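One-letter residues, chain by chain:
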Amino acid sequence: MLEVRNLTKNYGDLVAVDDLSFEVDEGDFVTLLGPSGCGKSTTLHSIAGLVDPTNGQILLHGDDITDTPPNERNIGMAFQHNALFPHMTAVENIEYGLKMHGYSQKDVDDRVDELLELVQMSEHGDHKPGELSGGQQQRISLARAVAYEPDLLLLDEPLTGLDRVLREEMRREIKRIQDEVGVTTLYVTHDQEEALSLSDKIVVLWNGMKQQEGSADELYESPINEFVAEFVGKSSKFTGEVVSVADRVVDTSAGEMYLDGSMSFEEGQEIALYVRPEHVEVSPSSVEGKNVFTGRARQVTNLGSYAEVIVELANGMTVLAETESFPSIQNGDDVYIQFDPEDVIAL
Amino acid sequence: MTTDRFLRRSGLLSVAVFVYAVLLVPIVVIILTSFTPRPFPTIPTRGISFEWYLALLENSQLIGALGVSLVIAAFTSVTSGTLGTITAFGFVRSDIPYKETLSTLMLLPLMISPVITGLALVRFAGQLRIGSGFVAVVLGHTVLTLPYVFLIVRAELVTFDRELESASRILGAGPVESVFNITLPVISPAVISSMLIAFVVSFGEFTATQFLVSSGTTTVPVIIYTMTRSGLNPQISALSTVLIGVMFVAALVSGLVNR
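These numbers were taken from a predicted model, which means no experiment stands behind them.

A. Focus on the overall build of chain A. Helix and strand counts for chain A stand at eight helices and 20 strands. For chain A, the spread of C-alpha atoms along the principal axes amounts to about 75 × 45 × 30 Å. A burial count over chain A gives 41% of its 347 residues as buried. Relative to all contacts within chain A whose residues are 6 or more apart in sequence, the contacts with residues 24 or more apart total 65%.

B. Quick look at the packing of helix α2 (residues 90-100) of chain A against helix α4 (residues 134-146) of chain A. All names here are of chain A. Taken N-terminus to C-terminus, the directions of α2 and α4 make an angle of 25 degrees; their axes are 7 Å apart at the nearest point. Judged on the interaxial angle alone, α4 and α2 are roughly parallel. The two elements α2 and α4 meet at a crossing, and its hand is right-handed. Across the interface between the two elements, A90, N93, I94 and G97 of α2 pack against I140, A143 and R144 of α4. Partitioning the contact of α2 with α4 into residue classes produces four nonpolar, two polar and one charged.

C. How the structure looks around the nonpolar core. Of all hydrophobic cores here, the largest spans 100 residues; its most connected members are A143, L154, L186, V204 and L273 of chain A. No other element matches α2 of chain A, which puts six residues into this core. Of the domains in this structure, domain 1 (2-229) and domain 2 (234-346) of chain A are the two that each give at least three residues to this core. In this structure L186 of chain A touches L2, V24, V30, L32, L44, I47, L152 and L154 of chain A, once residues within four positions along its chain are discounted. If you look at the next biggest cluster of nonpolar residues, it comprises 45 residues, including A65, A208, L243 and A250 of chain B.

Criteria and thresholds
- Residues numbered from 1 in each chain as written.
- Chains lettered and ligands numbered in written order.
- Predicted model: local features only at pLDDT ≥ 70, side-chain atom pairs only at ≥ 80, totals over all residues.
- Helix = DSSP H or I, 4+ residues; strand = E, 2+ residues; numbered from the N terminus.
- Buried ≥ 20, exposed ≤ 12 C-beta atoms within 10 Å, placed from the backbone.
- Contact = placed C-beta atoms within 7 Å.
- Axes fitted to C-alpha atoms, helices over the stretch in contact; angles between N-to-C directions.
- Parallel < 35°, antiparallel > 145°, perpendicular 65-115°, else oblique.
- Left-handed = near helix turned anticlockwise from the far one by under 90°.
- Nonpolar A, V, L, I, M, F, W, Y, C, P; charged D, E, K, R; others polar.
- Core = buried A, V, L, I, M, F, W, Y, C linked by C-beta atoms within 7 Å.
- Domains from an automatic or database assignment.

Written as structure tokens, this is what we have:
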């Protein structure tokens, strides 16, 4: 439905987006994820027509829209700082796009009522943006963006300005509204939690280049490089030298570590190993199995249904673990940790 | 500590009172003397009189000048507001070479003595075969007030969130349409208040104006100056009070618009 081909954008010597290609299927929720300055916003602005790409093509429904002015693309967009028109009421903001798209006054009125209901803002139609809270502004901004049934909805870090509680609430709202409207959506964020919870597909960007593309599970369980492993989800990192390919043993500073599955490495090669916290078992007494290490609980953080434990190993390295049996573990306790070879991500 | 207490403690309050007194006392004196029952501009001690205001109403030359001043100020604020806003757009939105130097040049009318500007304008108007009179005065006042509009509107445009225009474009409006629908309404308080300042400056301008007026287009400040040459009388105070009143209202409206 949306196809970005070899998109490149240079600002002088700076390469903001470097030969980026990806596709978004009809009805999908796709996220561009990356740290600030990774080129995700430039990509989004290129798709919106607000930035002229140096190279590459953007296709919407198979039509090349690379040189189409933004007002002729039939795209909707919600901005980071919502960009509501301050001199217009909420209703007038929503009406704007409808009028520009040639809706009759009656259709405009009907649609505005529908949209206010959709974003649960029927009470606030007559308010100006300055009289609305951050969350309410973002709701109106969403309603405005989907009002004229655009082919594609672009969301540029719409939750950045909100506090944590509101951010989670609005995250669910975005998902609900997207489901109800059924609009194909491209979302941009630096927050991996948002990306993992919202997306059908995530495209991870770094330094203007695509690192990996896949579902949340794929990125989490099989990152293809160290950047993705570290950026998506929490993990503990070890580095070491491959000792035996046959036995799948890596010698790390914490001790020998066993892997599972096929090894595409050579003996003597330096590799990075990652273990996700939920795969690390913490126990006050000795545990069976491979990859058992001893250490001391340095920080136990109660997070309600589970606890996060930072374990300091004998060599000073720290490992992050999540456990549901935390009451038995206190700060300073000597503990054993264990993780299965199949849960070790080797890169 | 509140600002109020800070001012009192540090003795800054007395400084502030002094500064305001220096600014306001002469104006208050002029206003007071316009109500004197005596034929000299003294501060009325035994009752007040409106006779000088009545005399103003009967003086067709003065009423005419007041009308001329108002019309000239109105025209000036429109031409200056339009040109200044367009110029500010040009400076903020385009990448012209030597932008900083050129924008300093825009402020020249503020820095050069109005006498010189007035002389230069007379010469220029002669060249253009406009001569003296209404068009010449509006032209001159536009030159003199353009920097105010330019400075105020430019500052507003610099801080204007361009994302609003982007939003308008994506919502289906063309580039020019977006400026008229979004940018101009959002910056309009600044434009209007700059136009009111242009109005006030034009309404009170004397130095350059005296070179440009013709007998039919004499403005209030020029009349006041002419009247003072034949001695001071309370009618001048009355006329000055009217002038102050008009300017005060304009400034007040400007403040309200910009709130």
